[in-house]
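What the coordinates show
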Amino acid sequence: MGERWCAVMRVLVLQAAWALAGGQVRYSVPEEAKAGTVVGRLAQDLGLEAGEAEARRLRLVAAGRRASVEVSGASGALLVSSRLDREELCGKSAPCALRLEVLLERPLRVFHVELEVTDINDNAPIFPAARKNLSIAELSVPGSRFPLEGASDADIGANAQLTYTLSPSEHFSLDMQKTEMDVESLFLVLRKSLDRETIPVHWLVLTATDGGRPSLTGTMELVISVLDANDNAPQFNQSVYKVQLPENKEHGTLVIRLNATDLDEGSNSNVSYSLETLFPQDRKDVFGIDKKSGEIRLLKELDFEDVSLYRLQVGATDQGNPPLSGHCKVVLEVVDVNDNAPEVWVTSLSVPVPEDASVGTVVALLSVSDRDSGENGRVRCWVWPASPFGLEATFAGSYSLVLREALDRERVSEYEVEVRAEDGGAPALRASRGLRVPVSDVNDNAPAFAQAVYTVLARENNAAGAELARLWARDPDEAGNGRVSYSVWEGGVGGGGAAASSSSSSSSSGGGGWRSASSYVSVDAESGRLWALQPLDYEELQVLQFEVRAVDAGEPPLCGNATVQLFVLDENDNAPALLPPAGSAAEAGAAAAEAAAGAGWGSESGTLWAWAAWGAPAGQVVAKIRAVDADSGYNAWLRYELWEPRGKGPFRVGLYSGEVSTARALDEADGPRQRLLIVVRDHGEPARSATATLSVSLLEAAEAALAAGSSSSSSSSSSVSRSAVGVELGPGAASAATNVWLVVAICAVSSLFLLAVVLYGASRWAPRAAVLSGPGPTTLVCASEVGSWSYSQRHSRSLCVADGAAKSDLMVFSPNFPPPPPGPAPKDSQPEPSALLDTVSVPPLVASILSPFAPRLSFPKPVCEPGSAPEA
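A brief look at the structure comes next. (Residues numbered from 1 in each chain as written. Predicted model: local features only at pLDDT ≥ 70, side-chain atom pairs only at ≥ 80, totals over all residues. Heavy atoms only, no water.)

1. A short note on the sheet that holds strand E43 (residues 607–613)
Quick reminder of the rule: Strands pair, by our definition, only if DSSP identifies at least two bridges between them. In this text, helices come from DSSP runs of H or I with a minimum length of four residues, and strands from runs of E with a minimum of two, each type numbered from the N-terminal end. Helix axes use the C-alpha atoms of the stretch in contact, all axes being lines fitted to C-alpha atoms, and the angles between their N-to-C directions lie in the range 0 to 180 degrees.
Strands sit in the order E43-E50-E49-E46 across an open sheet of four strands; the sheet is mixed. Strands at the two margins of the open sheet, each flanked by one partner only, are E43 and strand E46 (639–644). Across the sheet, the mean angle separating the axes of adjacent strands is 35° when strand polarity is ignored. Bridge count between strand E49 (residues 673–681) and strand E50 (residues 689–699): nine bridges; the pairing is antiparallel. Pairing of Val680 across the sheet is with Ala690, part of E50.

What follows is the structure in structure tokens.
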């Protein structure tokens, strides 16, 4: 590098010397010299002394264009002030000289300086474009030449001398030719035939190199496109395509997308597709193909059960001239899906089925099938509900519906049976077939009443033909087997037959025994309505028990029974009846018989008599009115009212006891006799009544006591006096003679006490069975302090105290023993007394004294019986 600059300096010095000799200064500087580079010692070359250049103001004057040099004022040297580019200053001109003027003052002088800028290789060759596109026909012959545009270099001389090279290629090469005007031309030469399908585009690089040291290069990319010729037919990548498609695909489903490749290009590679169905021939419209894309799509539904395989042929044709074509085959296999539900068919049905059919009876024959294949066509069958029927497989696809359990038409008269089938697909498909199996009836059920015992309440005095109740027996069978007829089923009168099923309890005076229920009631054979054949009388019949039979019309007929208990309800149809005094058993029986028959003591039948002593205090009982009502309950609950005289009379009557007592102390102003009108009423609706007239004679105390004693003696001898009719003397009348009989009573205490002990022992050891046994009608006729009640009960006895001071009624019920058979009684049996109890007659005064001991001593009470003689 140093040697080069030495050589340059020598040249500059020589040029400067030459310039001084010629009258101007000439310098030479290479382009691209750095700023500050000394071009030459201008002040020295102009012959100026040191310091003279600054004193005379040596300076450079540019002539027309920017100068890239300047004169140093201190040293007078010519320096490079800015970049020097020869190509910019002079272009391709050679040599490149710049003319400068130098001005010097005191005296003013002008010098001409010539500066030559020398070329260096600072510019590389440049092509007109970085890429050159060429199109060459595929069928071009080797040796064909294609002109190329060369590169340019801004340098001059050897730096601008260019040489060209081409990247390696077996198909192309370069050729330089000079024309007559010594102009070089560059050509691309085809050395080998082209094949667009093999190499459609050739990429080459053209390089230009200049002659500088060092040399510079420029490149251009050559893109050579091979123009196609229709020399290739479309080709598929397979000759046969296999496709599987499920049969449940919808319309428009893509089956396959085919692509035929044509190695040509342009219109020669534009392929259109066509479709032809080879098998089956009659299904050409199932598939369609897009002519441009080659997509085969489904046009109609597939059905594996109809066609399971399709063979298609597809053609691909280009648009070249002449057009070329290629072919392939498509084999489409339809895949079965579980799209067919099982089918159940009934081939035979035997209905109705008798309810007594045996287990294993074949009811129906069925056939089951499924059009699918494989697991999709394997069918499992069962019956629902699981009982009472079941399925039995006979052979493939055939089943029998058989009876597995006994039938009961009354429980289920008709069965809705469903035969269900399910295949083995995923998801499984199901099918069912409903069967209606009616069950025919057989007479296997007897009529049954809703209740084993019916309780019927009927009021007495009902009209004949009145409906008492409606009985209903249910027979679950149908038609004639369930048609029920009703009847009163009974045996002979008296209940002697073992099959007798009707009984009646009667309290009529005609005596006991069994009576036919059909004489009282009847039942409608069709409706079961219970009718009364005659009016019922509570006093005659309280309870009627019988059986009703229900028989169906089946073969053989079946029957059922129900017990009917008919209770007759009492109506207030009997007025109260007055009773005679308790002293006479015969008269008491006659009065009770008349009371049971509905008769009573009225105001017209006679006057009742009683005695009272003057001076008797208030509240002393004079007499007691006794009455009975054949009804029961409230209808027999009696009350006593004093009708006459009204106002403040000397006597009053107990409302419910019937006791006539003094309302105040009696005196002579009351007269010798008082006539009382007493009304006895029951509590029925409407109330019935009876009247009694009581004549009370007012006597002295001694006369009253004698009258009372006479009355007692007459009563014990069973004779009736007019003073005792219908009236029982109370203890008040006897108390008037207490002073007279006091001594007698004290003397008789010892003997009476001994008698009481004997009676007490007799009552303790007496056989009670004789008292409490024996059937027969009974009516309660005893009066009590709280009123007179009458209850008619079966086989009952009522005992009462003969004394008027009794406070309660005693009722004794005998068991329902059958009457003893005829013939002599057993030796070990006790003989029955002639009556339930013998009546012990006691004077009234003694009775009043012993009455406080009566409950403690348990004296036997006399029996109040009706007028009929007791049973033996």
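2. Some words on the nonpolar core
As a reminder, the rule being used: Buried residues of nine kinds, namely Ala, Val, Leu, Ile, Met, Phe, Trp, Tyr and Cys, make up a nonpolar core once their side-chain atoms join them within 4.5 Å. The classification of residues rests on relative accessible area computed with a 1.4 Å probe and restricted to protein chains. Under 20% of the type maximum is buried, over 50% is exposed, and intermediate values are partly exposed. Contacts: residue pairs with any heavy atoms within 4.5 Å of one another.
Among the nonpolar cores identified, the biggest contains 28 residues, and Phe449 and Phe546 are the most heavily contacted of them. Elements with a contribution of two residues or more to this core: strand E33 (453–459), strand E34 (467–470), strand E36 (484–489), strand E38 (521–523), strand E39 (529–532), strand E40 (541–552) and strand E41 (559–569). Counting residues per element, this core draws most heavily on E40, at five residues. Excluding residues that lie within four positions of it along the chain, Phe449 makes contacts with Tyr454, Leu471, Trp472, Ala473, Tyr486, Val548, Arg549, Ala550, Gly560, Asn561 and Ala562.

3. Considerations on the packing of aromatic side chains
Think of a pair of aromatic rings as described by two things: how far the centres are apart, and how the planes are tilted against each other in angle. Put simply, the rule reads: Classification of ring pairs uses Phe, Tyr and Trp, with its six-membered ring standing for Trp, and accepts pairs whose centres are within 6.5 Å; under 30 degrees between planes counts as stacked, over 60 as edge-to-face, and the remaining range as tilted.
In this structure the tally under the stated criterion is eight aromatic pairs. Geometrically, the ring pair formed by Phe287 and Tyr310 is edge-to-face, given 5.1 Å between the ring centres and 80° between the ring planes. Taken together, the positions of Phe287 in strand E20 (residues 287–289) and Tyr310 in strand E22 (residues 309–317) put the pair 23 residues apart, joining distant regions of the chain. Neither Phe287 nor Tyr310 differs from the other in exposure class; each is buried. Plain terms: the ring middles of Trp637 and Tyr656 are 5.2 Å apart, the flat faces sit at 15° to each other, and that makes the pair stacked.

4. Some words on the state of the cysteines
Test applied: Counting rule for disulfides: a pair of cysteine sulfur atoms within 2.5 Å.
Applying the stated criterion across every chain, the model contains one disulfide. Residue pairing for Cys90: its cysteine sulfur links by disulfide to Cys96, the two sulfurs lying 1.6 Å apart. Handedness of the Cys90-Cys96 disulfide follows from its S-S torsion of about 65°: it is right-handed. Classification of Cys96 by relative accessible area gives buried; the value is 2%.

5. Regarding the pattern of salt bridges
So the rule is basically this: Each salt bridge in this description consists of a side-chain nitrogen of Lys or Arg and a carboxyl oxygen of Asp or Glu lying within 4 Å of one another.
What the rule picks out here adds up to 33 salt bridges. Where Arg470 meets Glu467, a salt bridge forms, and the shortest distance between an N and an O atom there is 3.8 Å. The class for Arg470 is partly exposed, based on a relative accessible area of 48%. Through salt bridges with shared partners, a single ionic network connects Arg196, Glu197, Asp228 and Glu265.

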